[in-house]
Amino acid sequence: MKKTVLLFQSIFFISLLTGCEYFSTSTHTPQQIKKASTWSEEDQGPSFSSCQDLSSDEQFSCFKDTITQSVNDALYAQELISTAALNEEVVLVILIDSEGNITLNSVEDDAEVLNAIPGLYDVLSDAILSLPQAVPSTKTNVGVSVAASIELPIQVVASPR
C-alpha cells in the first residue's frame with residue numbers, strides 16, 4: 001500500500017514539474033506587436049474570387065479594376081445632372097472587412113464634386129454595395145483575415161445642363 005501511495009505521489013510530483021510549461025507566459029513589447037501587425041509585402045491584399053488565379057500583384061489590380069468598372073457602369077447608367085462644369089478627381093475610400101464585405105467609407109472631395117452633382121454619393125455607394133463578396137486581406141505571418149481600406153481615385157467629368 002505504501003508503495004502504491006509513494007508511486008502516485010511520485011507521478012503527481014513529476015507531472016507538476018513537467019506541466020509547469022503550460023503556465024509560463026511570455027510578454028511582447030509594443031514595438032514587437034507593431035512590427036508584426038504592420039502590412040508587409042508578403043501579406044495578401046483583398047481580391048475577388050474571379051481574380052484568384054492571378055499573381056498577387058495582378059490580383060490586386062484585378063480587384064481595383066473590377067471596382068472601377070462597377071462604379072463606371074453605375075455612373076453611366078444614371079442621368080446625373082451637374083450644376084457646374086467639372087473635370088475633377090474624387091477619391092473613394094473603400095473598406096473591406098475581415099469577412100470580405102465591401103462598403104464605401106467616404107469620398108474625399110476637395111473640389112466639391114458631390115455638391116455639384118446631387119445624388120452622386122448615393123450612386124457611388126450603391127455601386128460599391130453591389131460588388132460581389134471579396135476575398136479579405138490576409139496577414140500571412142499569422143494567417144488571419146483582416147480588414148483593409150483602399151483609396152480609389154475616380155475622374156469625374158461633367159457639364160451643366
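Here the structure is shown first, and the text comes after it.
Criteria and cut-off values
Residues numbered from 1 in each chain as written. Predicted model: local features only at pLDDT ≥ 70, side-chain atom pairs only at ≥ 80, totals over all residues. Heavy atoms only, no water. 1 Å grid on protein atoms, 1.4 Å probe; cavity = no way out; pocket = protein on both sides within 12 Å on 5 of 7 lines; lining within 4 Å. Points joined across faces, edges and corners; volume = space filled by probe spheres on them. Helix = DSSP H or I, 4+ residues; strand = E, 2+ residues; numbered from the N terminus. Pairing = 2+ DSSP bridges. Axes fitted to C-alpha atoms, helices over the stretch in contact; angles between N-to-C directions. Contact = heavy atoms within 4.5 Å. Core = buried A, V, L, I, M, F, W, Y, C linked by side-chain atoms within 4.5 Å. Buried < 20%, exposed > 50% of the residue type's maximum accessible area, 1.4 Å probe, protein only.

(A) The arrangement of the layout of surface pockets in detail. There is about 360 Å³ of room inside the largest pocket. What lines the largest pocket is a set of 16 residues, among which L75, I117, V156, V157 and A158 lie closest to the centre. Mapped onto the lining of the largest pocket, the elements with two or more residues apiece are α3 (56-77) and β5 (148-158). The element contributing the most residues to the lining of the largest pocket is β5, with five residues.

(B) Spatial organisation of the sheet that holds β5. The strand order across the open sheet formed by three strands is β2-β1-β5, and the pairing between neighbours is antiparallel. Looking at the sheet topology across the chains shown, the edges are occupied by β2 (102-108) and β5. Across this sheet, the average inter-strand angle for adjacent strands is 30°, counted without regard to direction. Relative to β2, strand β1 (residues 86-96) runs antiparallel, the two being bridged by six bridges. Note on β2: the bridge partner recorded for I96 is I102. Packed on one face of the sheet, helix α5 (residues 120-129) meets β1 and β2 and runs near 150° to β2.

(C) How the structure looks around the nonpolar core. Judged by nonpolar contacts, the single largest core of 29 residues is most densely connected at I67, L92, I94 and I102. Going through the elements one at a time, α3, β1, β2, α4 (113-116), α5 and β5 are the ones with two or more residues in this core. Ignoring anything within four residues of it in the chain, the contact list for L92 reads V71, L104, S106, V107, L124, I150, E151, L152 and I154.

(D) Layout of the environment of P153. By the element assignment, P153 lies in strand β5. P153 sits 63 residues away from V90 along the chain, and the two C-alpha atoms are 5.7 Å apart.

(E) Looking closely at α5. Along α5, the positions that sit buried rather than exposed are L120, V123, L124, S125, A127 and I128. In this structure, the buried residues of α5 make contact with α3, β1, β2 and α4.

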